[in-house]
Amino acid sequence: MDNKDIKVVKFGGSSLADAGQFKKVADIVLADPARRFVVASAPGKRHSGDTKVTDMLYNCYELAAKGEKFDNEFTAIEQRFNDIITALDIDLSLADEFDAIKYAFAHRAGRDYAASRGEYLNSIVLAKYLGFEFIDPAGYIRFDETGAFDLETTRSLLAPKLLATEKAVIPGFYGSMPNDTIKTFSRGGSDVTGSIVANACSAVIYENWTDVSGFLICDPRIVDDPKPITTITYRELRELAYMGATVLHEDAIFPVRKAGIPINIKNTNHPEDRGTFIVSDTAETSRYTITGIAGKKGFSVINIEKDMMNAAVGFGRNVLRALEKNDVCFEHMPSGIDTMSVIVNTESLIGKEKAVLDEITFRCHPDKMEIENNLALIAVVGRGMRKARGTAGRLFSALAHARVNVKMIDQGSSELNIIIGVEEEDFETATKAIYDMFVLTED
Ligand code: ASP
């Protein structure tokens, strides 16, 4: 097969939660011979009240680590896999694997090792079902001594292995440390493995299969049935993800972005849907001026006033030093001629308000200063905004019509985003108004 045509496909936990889902996954994988490398998550929730196998493993290991009995909890995990194997009617027994894992639990093999077994076992089952090879990432995906993922070493090990492999299933979520102990990525980390595998085999595309048909322009809890995003650039995604829009693990971007490989978010339950393409750059003009809207509540603003601030050299630095000294990270810093506002995450300021204000007073001697809480930030993101005239005008007139008071405006230098600050109680109204203005009226 032509190595240029490789597609890496990753299936999330809900896509592999039970035998029914396994069948859909097999249909998808086998429908396209280019889908040669499959990255699998542990079985996720089968219904809303269910527990993910990864969480079952964490709970079980916690008991083992305390020296308590964990047989019942372990049996429940075995059951999840055995149910899948039985319903798929495959000739496979995991009994030896279960024994080895149980032994390792009893001998405190580590929390990361424990969590990783969900992906490990699920991939053995999927490999058998598909008739693919099984590749254990412990030997290929490597972290350095500090626990940071090591892309260079990983590539040097994984690339030749993939080159020599026709088709394989690779467990997501983990790799190993220089001393060969298992280490996992943070939660949701199978996305990262998919991206690493795509990088290592120079895939044409990384398909990330999940339970939604890609990104939506806006949070469906705020706007009914929002339109999907068909194409988004990595930079736009970064802006939206920062504001809390999640579908993909943040660290999954880097390895594919670096290699110029697009990601296609697809829905295992609706494979015919186009999903969302995440690309480095695109000539495709977006259908709407904006690509997406995302926002978060829970910000505070420190307003500082001082006569002749504009002429005071180092004023901004001193304000930021005061925050740094108190270990508070700032989000935005819009300024006027004699005013400056610093926006911070409220949580990071709790209990430190007085210390921060005292430090600013000591360093900057402001005329007036106050902290305002209950601010929400909304990011309006879109590569189309750079070219479209009047975007800001439309945005603010939409907000004015919705009677939303805008407390802060910050346009990124890339002209890719406008971030506005509003009262938390106006958050939903403002988001809806922006959606209506840029999506409904442009349809
Ligand atoms: N199973 C892991 C988790 O639940 C990793 C993943 O699914 O991506 O976080």
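Everything here concerns the structure above.
What counts and how
Residues numbered from 1 in each chain as written. Predicted model: local features only at pLDDT ≥ 70, side-chain atom pairs only at ≥ 80, totals over all residues. Heavy atoms only, no water. Pairing = 2+ DSSP bridges. Helix = DSSP H or I, 4+ residues; strand = E, 2+ residues; numbered from the N terminus. Contact = heavy atoms within 4.5 Å. Axes fitted to C-alpha atoms, helices over the stretch in contact; angles between N-to-C directions. Salt bridge = Lys/Arg side-chain N within 4 Å of Asp/Glu carboxyl O. Buried < 20%, exposed > 50% of the residue type's maximum accessible area, 1.4 Å probe, protein only.

Chemist: I'm lost on the sheet that holds strand β4 (residues 168-171) in this one. Help?
Modeler: The pairing of strands in a sheet comes from backbone hydrogen bonds and takes either a parallel or an antiparallel form. Across the sheet, which stays open at both edges, the 8 strands sit in the order β3-β4-β2-β1-β7-β9-β10-β8 with mixed pairing between neighbours. The strands lining the two open edges of the sheet, one partner per strand, are β3 (133-134) and β8 (231-233). Sheet topology places strand β2 (residues 35-40) next to β4; 4 bridges connect them, and they run parallel. Among the inter-strand pairings, Ala-40 is bridged to a residue of β4, identified as Pro-171. Packing against the sheet, helix α5 (residues 111-130) makes contact with β2, β3 and β4, and its axis sits at approximately 170° to β4. Along the sheet face, helix α8 (residues 234-242) touches β8, β9 (263-267) and β10 (276-279) and points at about 85° away from the line of β8.

Chemist: Quick question: what am I supposed to make of the pattern of salt bridges here?
Modeler: Any two side chains of opposite charge can pair, so long as their charged atoms come close to each other. One pass over the full model with this rule turns up 25 salt bridges. With its nearest N and O atoms 2.8 Å apart, the salt bridge here joins Asp-191 to Lys-10. Of the two residues, Asp-191 is situated in helix α7 (residues 190-200) and Lys-10 in strand β1 (residues 7-11); the sequence distance between them amounts to 181 residues. Of the two residues, Asp-191 and Lys-10, neither departs from the other in class, the shared state being buried. Between Asp-358 and Lys-354 there is a salt bridge, with its nearest N and O atoms 2.7 Å apart. Of this pair, Asp-358 and Lys-354 are both found in helix α12 (residues 353-364), 4 residues apart, which corresponds to roughly one turn of the helix. Here Asp-358 falls in the partly exposed class, since its relative accessible area comes to 40%. You can call Lys-354 exposed: its relative accessible area is 60%. One salt-bridge network, held together by shared partners, links Arg-46, Asp-50 and Arg-80.

Chemist: In this structure, what is going on with the sheet that holds strand β16 (residues 417-423)? I would like to understand it.
Modeler: The 6 strands are arranged β12-β13-β11-β14-β16-β15 in an open sheet whose pairing can be described as antiparallel. In the strand order of this sheet, the two ends are held by β12 (330-332) and β15 (406-411), each with one partner. Neighbour-to-neighbour, the strand axes of this sheet turn through a mean angle of 40°, independent of strand direction. Sheet topology places β12 next to strand β13 (residues 339-345); 2 bridges connect them, and they run antiparallel. From the neighbouring strand, Phe-330 faces β13, where its bridge partner is Val-344. Lying on the sheet, α12 is in contact with β11 (292-305) and β14 (368-381); it crosses β14 at an angle near 105°.

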